[in-house]
Every structure is written in structure tokens, then in C-alpha cells.
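Observations on chain architecture
The primary structure of each chain is shown beneath.
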Number of protein chains: 2
Amino acid sequence: MTGDRVTAAILIIGDEILSGRTQDTNTQTLARFLGVRGIEVIEVRIVPDETDRIAEAVNTLRAKADYLFTTGGIGPTHDDITADAVAEAFGTPLPENPEAVALLLGRYPGVELNAARRRMARIPEGASLIANPVSIAPGFQIGNVFVLAGVPAIMTGMLDDVAPRLRGGQPVVSRTVRVSGVGEGDIAQPLAAAARTHRDLSLGSYPFFDPAAGRYGSNLVVRGRDAAQVEAVVEELIRALGEAGVTGITRPE
Amino acid sequence: MTGDRVTAAILIIGDEILSGRTQDTNTQTLARFLGVRGIEVIEVRIVPDETDRIAEAVNTLRAKADYLFTTGGIGPTHDDITADAVAEAFGTPLPENPEAVALLLGRYPGVELNAARRRMARIPEGASLIANPVSIAPGFQIGNVFVLAGVPAIMTGMLDDVAPRLRGGQPVVSRTVRVSGVGEGDIAQPLAAAARTHRDLSLGSYPFFDPAAGRYGSNLVVRGRDAAQVEAVVEELIRALGEAGVTGITRPE
């Protein structure tokens with residue numbers, strides 16, 4: 001695909017994802033949020049709560065993509081070490097940020113801002129805060145890195161303050177042709193032919209299989225930045241599938 | 001945590017995950033399958049359908065962990081390039097495997113094994129097949145790398161043939177203490193104290209927040225390989241939380 005390409009990487013931080021205790025959903029939320037803005041996710045990594053591992057991934061991914069989004073590890077407990085790791089990655093100090101302290105003092109009126117809560121005010125020097133409309137404790141942006149909460153409702157809430165900071169690309173248009181009751185082996189040839197003819201588009205086959213319902217087939221997805229071209233290729237593909245004797249073709253969208 | 005440590009990495013392959021079109025669930029399925037066998041997942045990566053990117057991730061991750069599991073990209077369509085990428089990573093040829101051809105011929109009796117389906121029989125030299133009880137087309141193992149299907153029902157089906165090949169570790173025991181209606185800032189100090197006293201265990205705090213239900217709190221998770229020690233620390237932690245004035249403590253498991 002050509003055009004104005006803007007890329008992002010995602011770093012999910014947390015032992016609870018790696019252990020299988022928690023199902024990550026932030027990747028999909030972020031990918032969709034970025035997708036409609038024409039920003040393409042090129043890599044995701046999930047790493048444990050270890051400072052050096054986080055810092056290493058931050059430095060690798062912020063160099064690979066236009067933007068890096070991290071989720072998790074910015075709360076008040078001892079295992080919340082993302083701010084430390086990002087400061088280490090950037091080689092910057094991690095002082096208490098007066099603006100963040102003020103936000104937290106407002107959040108807990110009449111309550112002592114204990115040492116644990118003060119930890120949440122430690123923000124790498126040079127970073128700007130990201131507003132948290134849900135539970136106040138802010139995220140932050142430093143360079144091209146956006147450091148967000150891990151709790152899905154809070155992470156999602158922070159995106160309102162992230163959106164205006166992003167340079168979008170030309171959004172990708174995606175159209176799906178579904179074939180049901182047909183194996184991928186029966187659609188591979190016409191699909192590959194269309195992919196060869198239109199190398200500037202992305203053509204993918206995403207099979208599904210539901211043994212309980214006895215449903216199987218594949219979603220054939222055509223993606224590109226020119227909506228008219230994508231639509232023309234979809235119609236060409238449907239014609240070619242028909243000529244190859246494939247039945248059970250629908251357009252779910 | 002000490003003891004017999006066995007590690008794994010996971011490589012999820014597929015544009016449909018990176019675009020947010022599909023929610024990955026294979027990571028959690030694999031993490032739980034490995035967890036009960038005492039195999040610790042130390043990193044997950046999600047990469048697009050690009051041969052060089054897959055090959056690079058395979059080589060990095062197979063060196064980092066005792067085992068690497070890949071999911072996705074082993075079907076018959078043109079975008080199924082995982083076998084090519086793994087062969088490239090190992091520097092081995094990718095011939096048609098007679099055993100795989102025989103399996104596919106049996107799967108489609110009386111049907112021509114077209115060029116697309118024959119692609120699924122290309123297996124890196126030196127690899128052994130992994131049985132696919134769902135849709136027959138096999139995965140494969142080469143060295144410490146297990147190459148599995150991406151469709152969740154098929155990936156899960158393949159694990160039966162993977163399990164006996166793995167050297168397990170000492171399983172990790174995990175116990176949860178739930179605090180409800182309490183912010184993490186109020187439990188951070190007793191939790192950190194327990195973590196400092198028991199550095200051979202892993203103590204984590206995984207906050208939850210459900211704005212619709214107005215539910216918030218945190219799951220405090222104690223993990224270790226000695227069940228009696230884990231239980232003792234859980235009781236110590238509950239005592240310390242009570243002494244710090246925390247109420248709303250339950251044990252969900």
C-alpha cells in the first residue's frame with residue numbers, strides 16, 4: 001500500500017497477561033482507534049513487569065514506529081514500574097511532577113496523599129501529562145511514546161486526550177467477502193491471482209471454524225487506501241470466485 | 001522465583017490481529033496450557049504477514065526462551081507464509097513432506113490436491129509433524145519451535161500432540177486476595193512490605209474498574225512454586241491489610 005503511511009507499535013506490560021490470568025483487550029482497542037486515523041500497527045510486544053525488559057522494548061519500538069503506545073504499570077503499587085522504565089529508556093530523571101501532584105491532591109480531598117499515591121506523580125522530565133477522566137492519575141507522553149493505564153476502561157478514557165496529538169495517515173478501507181462451506185484450498189487460486197494483479201492492495205484470507213456449529217469458511221479481506229479501487233477489486237474477486245465454481249459467497253459488511 | 005525454570009515465548013502472526021479486526025485469544029490459551037505445566041511465558045510478539053519480519057522474530061525468540069510457539073499463517077492461501085519464514089530462519093530447505101502429502105490426500109479423497117493445498121505439505125527439512133485432529137493439515141516442530149494454526153479451535157486441537165513433547169517445570173501456584181471498594185493506594189504499603197519480605201515470590205496488584213457497575217478494587221496475586229509458602233504469605237498479607245484498616249477483603253478462589 002502506498003500513500004501517507006503512519007505507523008505505531010504497542011507495548012503491553014504485565015505479568016497477568018503473560019500468565020494467562022487476564023485476556024488482553026487493549027491491543028484491539030488501540031488498533032481500532034489507530035486504524036480509523038490511518039495509523040498502521042506494525043508490531044505488538046507483551047513483556048513482564050521487569051524494568052530492564054520494559055526499557056529495552058520501549059527503545060526498540062519507539063525507533064521502529066512513528067508512535068509507541070504502552071499500557072499498564074502506572075498505578076501506585078510496587079509492581080508499577082513503567083514510569084521508571086520509560087525514564088531509564090530516555091535517560092531522563094523521574095521527579096515528582098507538580099501538575100500531577102495537584103491532580104492527585106484534588107482526587108483525594110481531605111485524604112493523606114500517602115507515599116504510594118505520590119508514586120503516581122513521578123513523571124519523566126520533559127513529558128506532558130495525559131488526562132485520565134476516569135480515575136484522575138494521569139498518563140504521560142514523552143517524545144513519540146504514549147504511556148497509558150492498563151485497566152481497559154481507564155486506558156480507553158485516556159485516548160480522548162491522545163487523539164488530538166496524533167498525525168493521522170490516509171485511512172485504510174477494508175472490505176470483506178465471506179465464503180461459507182468452502183475450504184481455503186478452493187479459493188486460494190483466484191485470491192492469489194487477484195493479489196498478484198493488484199500488488200498495491202493487501203488481500204488476506206482469514207479462515208474460521210466453529211466445530212460446535214459445523215460452520216467453516218473464510219473471510220477474504222481486501223484493504224487499501226483508495227475506496228473505489230478496493231470496491232472494484234472486491235467485485236473482480238467475487239466474479240473470479242464464481243467462475244472457479246465457488247458458492248456460498250456473501251458480503252457481511 | 002527459584003526452582004526448575006522452563007520458559008516459552010509466543011509469536012502471533014497475522015495482519016488481522018494488528019488491524020484490530022480479530023481479537024487474539026491464542027495467547028491466553030497457550031499461556032494457560034503452559035502455565036499448568038510449569039512453563040513460564042516470558043514474551044509475546046505480534047507481527048504482520050511478512051516473511052522477513054516473521055523470520056527475524058523467530059530467530060530472536062527461539063534464542064531467548066526454551067520453547068517458541070507460533071500461531072497463524074500455515075493455510076493454503078498466498079498470505080500463508082509462516083513455513084517459508086521458519087525455513088528461512090533455520091536456513092533449511094522447504095520441500096514437500098511425503099507424510100504431510102499423504103495426510104492431505106486422505107483428507108480430500110477423490111478431490112484433486114490442487115496447488116494451493118499442496119502448499120500445506122511444504123515442511124522445513126528436519127521438522128516433525130504436529131497432528132491436527134480438526135482439519136488434518138499438520139503443524140510442525142523444528143528444534144524448539146512449534147508452528148501451530150491460527151484458527152483457535154485448530155490451534156487448541158494441536159496442543160494434544162504438543163504436550164508430550166514438552167519438558168515441564170515446577171508449576172507456579174497462584175492465590176488471589178481481592179479487595180473491593182478500596183483504591184490501590186490504600187493497599188500499596190502492606191503489599192510492598194510483603195513483597196520486600198518475600199523476594200522469592202511474585203506479588204502483584206491487578207486493579208479492576210467497571211464504571212457501569214461502579215465496581216472497583218484490585219486482585220492481589222501471590223505466586224510461587226511452594227504452595228505452603230504461598231498460602232502462608234496470603235494469610236500474612238490478609239492480616240497486614242486488616243491492620244492497615246482495609247475492609248472488603250475476599251478470596252475469590
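Residues numbered from 1 in each chain as written. Chains lettered and ligands numbered in written order. Predicted model: local features only at pLDDT ≥ 70, side-chain atom pairs only at ≥ 80, totals over all residues. Heavy atoms only, no water.

Our focus in this paragraph is the sheet that holds strand β3 (residues 67-71) of chain B. Taken in spatial order, the 12 strands make up an open sheet running β4(A)-β5(A)-β6(A)-β3(A)-β1(A)-β2(A)-β2(B)-β1(B)-β3(B)-β6(B)-β5(B)-β4(B), and their pairing is mixed. Of all the strands in the sheet, the pair left with one neighbour each is β4 (128-132) of chain A together with β4 (128-130) of chain B. Taken pair by pair, the neighbouring strands of this sheet meet at an average axis angle of 20 degrees, ignoring direction. When strand β1 (residues 6-13) of chain B meets strand β2 (residues 39-47) of chain B, the two strands line up parallel, connected through eight bridges. (Pairing = 2+ DSSP bridges. Helix = DSSP H or I, 4+ residues; strand = E, 2+ residues; numbered from the N terminus. Axes fitted to C-alpha atoms, helices over the stretch in contact; angles between N-to-C directions.)

In screw terms, the move from chain A to chain B is a rotation of 180 degrees and a rise of 0.0 Å along the axis, fitting with an RMSD of 0.0 Å. In symmetry terms, the pair is related by a two-fold rotation axis. It is A:R45 whose C-alpha, among those of chain A, lies nearest the rotation axis, at 2.2 Å. Of all interface residues in chain A, 100% are interface residues in chain B too; the two copies therefore contact each other through one and the same surface. (Least-squares fit on C-alpha atoms with pLDDT ≥ 70 in both. Contact = heavy atoms within 4.5 Å.)

The next subject is the environment of A:P190. Residue and element names in this part refer to chain A. Take P190: it is sitting in helix α8 (residues 184-197). Take P190: its relative accessible area is 6%, and that puts it in the buried class. Note: C-alpha distance between P190 and A244 (54 residues apart in sequence) is 7.4 Å. Not counting the four nearest positions on each side in its chain, P190 is found in contact with L237, A240, L241 and A244. (Buried < 20%, exposed > 50% of the residue type's maximum accessible area, 1.4 Å probe, protein only.)

Before going further, it helps to spend a moment on α8(A). Think of an α-helix as 3.6 residues a turn; residues three or four steps apart then line up on the same face. Counted at 1.5 Å a residue, the expected span for α8(A) with its 14 residues is 20 Å, and the 20 Å between its end C-alpha atoms agrees. At A:P190, α8(A) shows its largest bend, some 30 degrees. Taken as a whole, α8(A) has its buried residues at A:E184, A:G185, A:I187, A:A188, A:P190, A:L191, A:A192, A:A194 and A:A195. Where the residues of α8(A) are buried, they touch β7 (173-180), β8 (202-210), β9 (215-224) and α9 (227-243) of chain A together with α6 (115-119) of chain B. (Expected span 1.5 Å × (residues − 1). Bend = angle between axes of the 7 residues up to and from the residue.)

This part takes up the domain arrangement of chain A. When the domains of chain A are assigned, the result is domain 1 (6-165) and domain 2 (173-250). Relative placement of domain 1 of chain A and domain 2 of chain A: their C-alpha centres are 38 Å apart. (Domains from an automatic or database assignment.)

All names here are of chain A. For I136, which is not glycine, the phi dihedral falls at a positive 75 degrees. Mapping I136 onto the fold places it in strand β5 (residues 136-142). Residue I136 is classed as partly exposed on the basis of its relative accessible area of 27%.

With that out of the way, let us pick up the interface of chain A and chain B. Contacts between the two partners involve 58 residues from chain A, matched on the other side by 58 residues from chain B. Together, the buried faces of chain A and chain B total about 4,600 Å²; carbon and sulfur atoms form 52% of this surface. When the buried area of chain A at its contact with chain B is split by residue, A:R21, A:H78 and A:Y206 rank highest and sum to 13% of it. Remark: the boundary between chain A and chain B carries four salt bridges. Taking the shortest distance from any N to any O, the salt bridge between A:D186 and B:R117 comes out at 3.0 Å. (Buried area = accessible area lost by both parts, 1.4 Å probe. Salt bridge = Lys/Arg side-chain N within 4 Å of Asp/Glu carboxyl O.)

Before going further, it helps to examine the sheet that holds strand β10 (residues 249-250) of chain B. Residues and elements named next belong to chain B. What the four strands build is an open sheet, ordered β8-β9-β7-β10; its pairing is antiparallel. Looking at which strands have only one partner, the edges of the open sheet turn out to be β8 (202-210) and β10. Bridge analysis of β8 against strand β9 (residues 215-224) gives nine bridges, and the strand direction is antiparallel. Bridge pairing in β9 places D210 opposite R215. In this fold helix α8 (residues 184-197) packs onto β7 (173-180), β8 and β9, with an angle of close to 165 degrees to the strand it touches most, β8. Where helix α9 (residues 227-243) meets the sheet, its contacts fall on β7, β8, β9 and β10, and the angle it forms with β7 comes to roughly 15 degrees.

We now examine the confidence of the model for chain A. Taken over all residues, the pLDDT of chain A has a mean of 93, while the share at 70 or more is 98%. Of the two predicted TM-score estimates for the complex, the pTM is 0.93 and the ipTM is 0.92. (pLDDT = per-residue confidence, 0-100.)

All names here are of chain A. Burial of strand β6 (residues 145-148) is two-sided: the residues V145 and V147 facing one way and the residues F146 and L148 facing the other way are all buried. Looking at chain direction, strand β3 (residues 67-71) and β6 are connected through four bridges and run parallel. Within the sheet, the bridge partner assigned to F69 lies in β6 and is F146. Where β5 and β6 come together, three bridges link them in antiparallel fashion. Of the residues in β6, the one forming a bridge with Q141 is F146. Connecting the antiparallel pair β5 and β6 is a turn made up of two residues, with G143 showing a positive phi of about 60 degrees.

What follows deals with the packing of helix α3 (residues 51-64) of chain A against helix α4 (residues 82-90) of chain A. Helix packing geometry: the angle between the two helix axes and the distance between the axes. All names here are of chain A. The contact between α3 and α4 brings their axes to 8 Å, and the two run at 55 degrees. By the angle between their directions, the pair α3 and α4 is classed as oblique. The hand of the α3/α4 crossing is right-handed. Together, T51, D52, I54, A55, V58, N59 and R62 of α3 and D84, A85, V86, E88, A89 and F90 of α4 make up the contact between the two elements. The residue makeup of the contact of α3 with α4, split by class, is seven nonpolar, two polar and four charged. (Parallel < 35°, antiparallel > 145°, perpendicular 65-115°, else oblique. Left-handed = near helix turned anticlockwise from the far one by under 90°. Nonpolar A, V, L, I, M, F, W, Y, C, P; charged D, E, K, R; others polar.)

Right, let's get into the packing of aromatic side chains. For the structure shown, the criterion picks out six aromatic pairs over all chains. Seen from their ring centres, A:Y67 and A:F69 are 6.5 Å apart, and the 55 degrees between their planes marks the pair as tilted. Note on accessibility: A:Y67 and A:F69 belong to one class, buried. Taking the centre distance of 5.1 Å and the plane angle of 15 degrees together, the rings of B:F69 and B:F146 count as stacked. Residue B:F69 is found in strand β3, and its partner B:F146 is found in strand β6 (residues 145-148); the two are separated by 77 residues along the sequence. The exposure classification of B:F69 matches that of B:F146, with both residues buried. Ring pairing ties together the aromatic residues A:Y67, A:F69 and A:F146, which thus form one cluster. Sitting over the ring of A:F90, A:R62 keeps its end group 3.8 Å from the ring centre. (Phe/Tyr/Trp six-rings, centres within 6.5 Å; stacked < 30°, edge-to-face > 60°. Lys NZ or Arg CZ within 6 Å of the ring centre and 35° of its normal.)

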